[in-house]
Amino acid sequence: MKNIVTGTDMKKVDSYTINTIGIPSLVLMERAALSVAEIVCKNQLKDKKILVVAGVGNNGADGVAICRILHLKGYNTELYILGDISKASTEFKQQLSIAHNIGINIVGDYNDADVIIDSIFGVGLSRNVEGVYKDVILKINKGRNFVYSVDIPSGVSADTGKICGVAVKANCTVTFGSYKIGTVLYPGAEYCGQVVVADIGFPQEAYEQIEEQVKTATLEDFNFIPPRPNYSNKGTYGKILIIAGSKDISGAAVLCAEAAFRVGAGLVRVFTAEQNRQIIQRLLPEAMVNTYDVHHFNMKSLEACLKWCDVVAIGPGIGTGVIQKNMIEKVLEYNLPTVIDADGINNISEDERLKKKLHKNVVITPHLGEMSRFLNIPVEEIASNLIKYGREVNYKYNINCILKDARTVITTEQETFVNLSGNSGMATAGSGDVLTGIVAALIGIGVEFNNATVLAPYIHGLAGDKAMEYVSKTSMMATDIIEGIKILFKGMR
Ligand SMILES: NC(=O)C1=CN([C@@H]2O[C@H](COP(=O)(O)OP(=O)(O)OC[C@H]3O[C@@H](n4cnc5c(N)ncnc54)[C@H](O)[C@@H]3O)[C@@H](O)[C@H]2O)[C@@H](O)CC1
Ligand SMILES: Nc1ncnc2c1ncn2[C@@H]1O[C@H](COP(=O)(O)OP(=O)(O)O)[C@@H](O)[C@H]1O
Ligand SMILES: [K+]
């Protein structure tokens, strides 16, 4: 796992590192500046004209140091300072004095260059960007230059990812120590271009000072998946029950079940409407199929399936209505690890009685529309506060939540995560059904419930990224994501 921090928390990390650990501020700053300079040197030829645009806080101080390092390496650099130097931070004044001594060329106006280094505001941005700052940021965005942002694009709130009036559109952002919330959540994430996290020497101990930590999964977290021993059989890898599909929808069950198999599930049983039996058996002969008749619904057959399974996923394509609500009620009575998606969530949203039956082995996987119905809060409000509402589900109902969006936010009893894998090719019908199958299968193969909640969206996104090896974002379909799961695991184990 890696940390993702708010700007406010990053200041605590800075301060703990400087004041308690004792690493001097200027040492951190030199490492920060060196990390940016190294990336610029790797990508830019020496004949390029580089303009460093610096504010007068410590983000600007980083910029002045970067300007000096590049100048000493023989780059054609100039420095443009925005703001009142009499109000500058101590570090800025120190860096400026060094820059003067070395003979850095300081210009009085913004002038276009091949490369812009944006060090106007970092995590200290505290209000809307206006006046001359706004004018310069608009000029930077108009130019055809390559833009590096230092720590975060100036104008993006490091705490939320919101744009404070206007923000620099960078090609590359070098952020220090860890991702900032503003570099991972949209719209801020879109302004960053490529994000590089530079290690500048903050000790992990400093991150432990943060009260509400946010993290992201990394490849190391595949270690949550137990090994697949030689001495095992299909029963070792979980019995997964998938309650999906209805008279007019059969594909959801197939996608969900196939994804579960591809993540390693041993046995998958689909419980669906009678009309789907043949098509599911034809498309996925590996799955067992039990069916119900909507006109003569027999709860006993569902109970038999629930007694059989270790994990249940309910919802994709089931529709809404009395039968569906009764099925969900029955599923919840069994207290199994339970994944609830799509219409599973929609039915619960319509029924307070079902909400009361949610238990701590439940994870819901809503997209924004489903979340909006579930919490009865407008989509726009949820979209701009993903973490807040993800946490609210957890506090209110004591269940895990995978809130799906271009950046999926995951909340478990203890922790909050933002998933960083995946791409916009995955915004395609059935993509969520694949995720549901992945969550259920991970639990089935023995990944602890909270870990499965976090790992599933990560695997789903990596599979979408793998799918891009043979299909474009434009053409990607949910079946390609399943293909991506195969490629992913082939490369791993
Ligand atoms: N020793 C340290 O503390 C380190 C700090 N670092 C850098 O320092 C940055 C944080 O520095 P600061 O805390 O000084 O904050 P910033 O430099 O990000 O911003 C603060 C400055 O901007 C002004 N400001 C804020 N919002 C404004 C607005 N909307 N319009 C006009 N002016 C505005 C403030 O008055 C202040 O002068 C980090 O992002 C990082 O780049 C890194 O060098 C790592 C080490
Ligand atoms: N722009 C995007 N970038 C990355 N992932 C995305 C993007 N758009 C959608 N996704 C992912 O695709 C999935 C879509 O799920 P969902 O909306 O439930 O689809 P469906 O209901 O058609 O199965 C979610 O996991 C979501 O996080
Ligand atoms: K910046």
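Here is what the cut-offs are and how they apply
Residues numbered from 1 in each chain as written. Chains lettered and ligands numbered in written order. Predicted model: local features only at pLDDT ≥ 70, side-chain atom pairs only at ≥ 80, totals over all residues. Heavy atoms only, no water. UniProt positions renumbered as here; feature names shortened; annotations may be inferred. Helix = DSSP H or I, 4+ residues; strand = E, 2+ residues; numbered from the N terminus. Contact = heavy atoms within 4.5 Å. Buried < 20%, exposed > 50% of the residue type's maximum accessible area, 1.4 Å probe, protein only. Salt bridge = Lys/Arg side-chain N within 4 Å of Asp/Glu carboxyl O.

- In the nomenclature of an unreviewed UniProt entry, the protein chain is known as Bifunctional NAD(P)H-hydrate repair enzyme of Eubacterium ventriosum.
- According to the UniProt record, the Subunit (unreviewed entry) comment for the protein chain reads "Homotetramer."

1. Comments concerning the UniProt feature "binding site: K(+)" (unreviewed entry) in the protein chain
Here is step 1: Mapped onto this structure's residue numbering, the UniProt feature "binding site: K(+)" (unreviewed entry) falls at Asn-59, Asp-118 and Ser-154. In summary, the annotated positions, though distributed over 96 residues, converge in three dimensions, the widest C-alpha pair being only 9.4 Å.
Here is step 2: Assignment of secondary structure puts Asn-59 in helix α3 (residues 58-72).
Here is step 3: Not counting residues within four places of it along the chain, the set of residues in contact with Asn-59 comprises Asp-118, Ser-119, Ile-120, Phe-121, Gly-122, Val-150 and Asp-151.
Here is step 4: A relative accessible area of 0% means that Ser-154 is categorised as buried.

2. As for the pattern of salt bridges
Where charged atoms of side chains with opposite charge meet at close range, the side chains can pair.
Here is step 1: Under the criterion given, the structure shown has 20 salt bridges.
Here is step 2: Among the ionic pairs, Asp-84 bridges to Lys-87, the shortest N-O distance being 4.0 Å.
Here is step 3: Among the salt bridges present, the one from Glu-333 reaches Lys-330, with a minimum N-O distance of 3.1 Å. Note that Glu-333 and Lys-330 are positioned in helix α12 (residues 322-333) at a spacing of three residues, about one turn of the helix.
Here is step 4: According to the relative accessible area criterion, Lys-330 is buried, its value standing at 14%.
Here is step 5: Several salt bridges converge on common partners, so that one network encompasses Glu-329, Asp-351, Arg-353 and Lys-357.

3. Thoughts on the UniProt feature "domain: YjeF N-terminal" (unreviewed entry) in the protein chain
Here is step 1: Here, the residues flagged by UniProt with the feature "domain: YjeF N-terminal" (unreviewed entry) are residues 10-208.
Here is step 2: Counted over residues 10-208, helix gives 42% and strand 19%. Its end C-alpha atoms are 11 Å apart.

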